[in-house]
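Take a look at the letters that make up each chain.
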Amino acid sequence: MTTDRNDSSPESEGLIFEPGATARIHGSQPDIAMLLRMVAALTEEVNVLRTRLDTHERLAEAGHAPTPLSVESHVPSPEVVAERIAEGEALIARVMHSVVEDADGLLQDEQRIRALWQDSQRGDS
Amino acid sequence: MSTMPKTMPKTEFATDLSVTQAGDPSRAHPMMPFTRHDEAARHAHVVAFKNFLMRQLEPRWRTLIDEKVAPQMAQSGRDAATEYRELEKNLGTVPAYRAWQTLMVAAQDEMWRSVTESVDHSLPELQRIEAANAALGSVRINPEFKAPRYLTAVDIHRMPGGYHADQGEGDLRQGAIFDKAAALYHMGRNGGAMNDLRGHTIAQHFFDRFESMNAENPPKRILDLGCTVGHSTVALAQNFPHAEVHGVDVGAALLRYARARSASLGVSIHYSQQSAERTDFADGYFDMVVSSAVLHETSAKAAPAIMRECWRLLRPGGVMIHLEVPLRFDASAWNRVRGWFESVHNNEPFWIGAQKTDFAGLAAQAGFAEVCAGYQPSVRQADPTAIPRFTSTPGPVHVVWYMISGIKPQA
Ligand SMILES: C[S@@+](CC[C@H](N)C(=O)[O-])C[C@H]1O[C@@H](n2cnc3c(N)ncnc32)[C@H](O)[C@@H]1O
């Protein structure tokens, strides 16, 4: 490790970037990244609504009216929380299916895989 | 969307949650911030989102890099693990990989955002609980203290405000945020809502390696460097109930919260705001000095300085133990690419540096004897009578932890 540089350089500290440097995702376009974040946020809203619906159903099953107070007071068991996390993951996987599909497509595509490293010498373009 | 019951004024709401959530296992201790129904749903969503990204998508990248790309490159006489920076750039041509990175960052940001929402309405009630337990333990804040640059240059883990943010006297906010987020961050694998798996694992390491010392002369004064909100410190105090236990960290709000949290669990710990590189304790004051998941967040200069400070702080015969993320066991090309992502996009500027650092060598250089580095299997509860399981066999994070330990030689 380089330790003989200027005392306060990030390299001399083993740190890999300058303070304040913004991390860049290679190839990422700001508007697409923005859209992805919006889809992620929207998926969360749907999942939160589903959880609320689930609480309503559980309350009704136990003979309680789903009022704002009874919903707030409902404490799900750890098993129910685990179930909800698993269902949430399945929901997210359905919404983001095309991402998984692209990854799987790549894994089957020898040409695309080779391009990942045969071009390596060229570096960032 | 507000889920506030319309009939209830906002200020009374947290009090009400403290009743309704009294038996909620995710709260674990009285100082844990309260969650409204939809907030809890958001927190569960964050875990589901991270599960999807890390357990469904990420294994595909590992297959791609370690099982396809690396063997192909090897056939052409090239080493994928060495060329990880080039590979990482070329992965930028893959739409799903770009999406994965963007979504990883989004999930992390949403974790902090959703937790902060819960903390902000819980603070008045948390301050009341803090005051009710004011007598137990202590906290020393130093208004002159400046956190080291490696902690302030970026918000580590993308936690807004980092470890050091503080709004002045009485502020608990940053500590409460860290505590509430920790179980989500670890996806429950660091000891559930208590997050004390690492603390118990450090105690177990001491029992495994220094059994006779524990029987004859158990540590009476223990220091936890980089204690954050005392997750591991509390577990240490519980395993050494007769010891005087101290914790240091850089953030005032973290430490105030840490004291209140420990006290609410009935544990007395003395917290102080200072740098682990140079503390104000007397030479030889401690029998045991530990750190947990701290070294990889320091720097190439700070890590050896911390080792030297441990040496100064220990009495001859005293024990130093550092727990680390098992960074080095996996030298695969994917782990390198992943490490780069962690460094740059999850704001861990020393992650790559730590992967390359020989911490055991640093301990020996600082003067420690019987230095050992290896893997300690995680335990939920340390047990001095358990068969020692400290091993040289690596394993994944949370299942094992990388330990570096040694003894300060008798003069
Ligand atoms: C990942 S957290 C450790 C968590 C905690 N030890 C546990 O096991 O739950 C890293 C902590 O180390 C602290 N830290 C890093 N360098 C430090 C230094 N030089 N002095 C004091 N604390 C430091 C950070 O402020 C942060 O709170």
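Parameters at a glance
Residues numbered from 1 in each chain as written. Chains lettered and ligands numbered in written order. Predicted model: local features only at pLDDT ≥ 70, side-chain atom pairs only at ≥ 80, totals over all residues. Heavy atoms only, no water. Helix = DSSP H or I, 4+ residues; strand = E, 2+ residues; numbered from the N terminus. Rg over C-alpha atoms; globule rule 2.2 N^0.38 Å. Buried < 20%, exposed > 50% of the residue type's maximum accessible area, 1.4 Å probe, protein only. Contact = heavy atoms within 4.5 Å. Areas by Shrake-Rupley, 256 points an atom, 1.4 Å probe, with all protein chains shown as cover. Lys, Arg positive; Asp, Glu negative; His and termini not counted. Charge placed at Lys NZ, Arg CZ, Asp CG, Glu CD. Pairing = 2+ DSSP bridges. Axes fitted to C-alpha atoms, helices over the stretch in contact; angles between N-to-C directions. Near = heavy atom within 4 Å. Polar contact = N/O pair within 3.5 Å; in protein donor to acceptor, adjacent residues only side chain to side chain. Nonpolar A, V, L, I, M, F, W, Y, C, P; charged D, E, K, R; others polar. pLDDT = per-residue confidence, 0-100. Patch = residues over 30% accessible without salt bridge, like charges linked within 9 Å, V, L, I, M, F, W, Y side chains within 5 Å. Salt bridge = Lys/Arg side-chain N within 4 Å of Asp/Glu carboxyl O. Core = buried A, V, L, I, M, F, W, Y, C linked by side-chain atoms within 4.5 Å. Buried area = accessible area lost by both parts, 1.4 Å probe.

Topic: the overall build of chain B
For chain B, the count of helices and strands is 14 helices and eight strands. Taking 22 Å as the expected radius of gyration for a compact globule of 411 residues, we find that chain B reaches 22 Å, a close match to that expectation. Projected onto its principal axes, the C-alpha positions of chain B cover 70 × 65 × 45 Å. Considering chain B as a whole, with its 411 residues, one finds that 65% of them fall into the buried category. Intrachain contacts of chain B at a sequence separation of at least 6 include 79% that bridge at least 24 residues. Only carbon and sulfur atoms are counted for the fraction: they give 53% of the accessible area of chain B, which is about 14700 Å². Each charge class in chain B was averaged separately, 42 positive and 44 negative side chains, and the resulting centres sit 3 Å apart.

Overview of the sheet that holds strand E4 (residues 270-273) of chain B
Residues and elements named next belong to chain B. A sheet is described by the order of its strands in space; here eight strands give the open sequence E1-E4-E3-E2-E5-E6-E8-E7, paired in mixed fashion. Each edge of the open sheet is held by one strand with a lone partner, namely strand E1 (138-140) and strand E7 (369-377). Sheet twist, expressed as the average angle between the axes of neighbouring strands with direction ignored, equals 15°. Strand direction decides the pairing type here: strand E2 (residues 221-225) and strand E5 (residues 286-292), joined by four bridges, are parallel. Bridge assignment links Asp-224 to a residue of E5, and that residue is Val-290. Docked against the sheet, helix H7 (residues 197-209) engages E5, strand E6 (314-324), E7 and strand E8 (400-407), running at close to 45° with respect to E8.

Points about the site of the ligand
Residues and elements named next belong to chain B. Taken together, 19 residues lie around the ligand, and Thr-228, Ser-232, Asp-249, Ala-276 and Ser-292 are the ones closest in. Within the side chain of Ser-275, one N or O atom sits 3.1 Å away from a nitrogen atom of the ligand. One nitrogen or oxygen atom from the main chain of Ala-276 is found 2.8 Å from a nitrogen atom belonging to the ligand. Burial of the ligand by the protein amounts to 98% of the accessible area it has alone, namely 600 Å². Put simply, the parts of the chain that give the shell around the ligand at least two residues each are helix H5 (149-152) and helix H9 (231-239). Within the shell around the ligand, the residues separate by chemical class into eight nonpolar, eight polar and three charged.

What about the confidence of the model for chain A?
All names here are of chain A. Here chain A averages 86 in pLDDT, while 80% of its residues score no lower than 70. No element of chain A has a lower mean pLDDT than helix H2 (residues 68-73), at 91, and none a higher one than helix H4 (residues 97-107), at 98. Note that pLDDT drops below 50 for residues 1-7; the model gives that stretch 14 contacts with residues more than four away or on any other chain.

Examining a nonpolar patch on the surface
Residues and elements named next belong to chain A. Residues Met-34, Leu-35 and Met-38 make up a contiguous nonpolar surface patch of roughly 340 Å² in combined accessible area. Note that Leu-35 resides in helix H1 (residues 30-61). According to the relative accessible area criterion, Leu-35 is exposed, its value standing at 52%.

Here we look at the nonpolar core
Counting residues in each nonpolar core, the largest one holds 138 residues, and the members touching the most others are B:Trp61 and B:Leu64. With 15 residues, the top contributor of residues to this core is helix H4 (residues 95-132) of chain B. Apart from residues no more than four positions distant in its own chain, B:Trp61 is found in contact with A:Ala103, A:Leu106, B:Val94, B:Ala96, B:Tyr97, B:Trp100 and B:Trp334.

Here's the deal with the interface of chain A and chain B
Each side of the interface is counted separately: chain A has 63 residues, and chain B has 77 residues. When chain A packs against chain B, the two sides together hide about 6200 Å² of surface, and 65% of this comes from carbon and sulfur. Sorting the residues of chain A by area buried against chain B places A:Glu72, A:Leu116 and A:Trp117 first, and these three jointly supply 12% of that buried surface. Run the count over chain A and chain B and you get five salt bridges. When the shortest N-O distance is used, the salt bridge between A:Glu44 and B:Arg42 registers 2.8 Å. Our enumeration of links across chain A and chain B arrives at 18 residue pairs in polar contact (both at pLDDT 80 or more). Those elements that place two or more of their residues in the side of chain A that touches chain B are H1, H2, helix H3 (78-95), H4 and helix H5 (110-118) of chain A. The class makeup of the residues in the side of chain A that touches chain B is 30 nonpolar, 17 polar and 16 charged.

Quick look at the environment of B:Arg338
Residues and elements named next belong to chain B. Along the polypeptide, Arg-338 turns up in helix H12 (residues 333-345). Sequence-wise, Arg-338 and Trp-61 are 277 residues apart; in three dimensions their C-alpha atoms are separated by 9.4 Å. Residues in contact with Arg-338, not counting those within four places in the same chain, are Met-54, Glu-58, Trp-100 and Met-104. A polar side-chain atom of Arg-338 sits 3.0 Å from a polar atom in the side chain of Glu-58.

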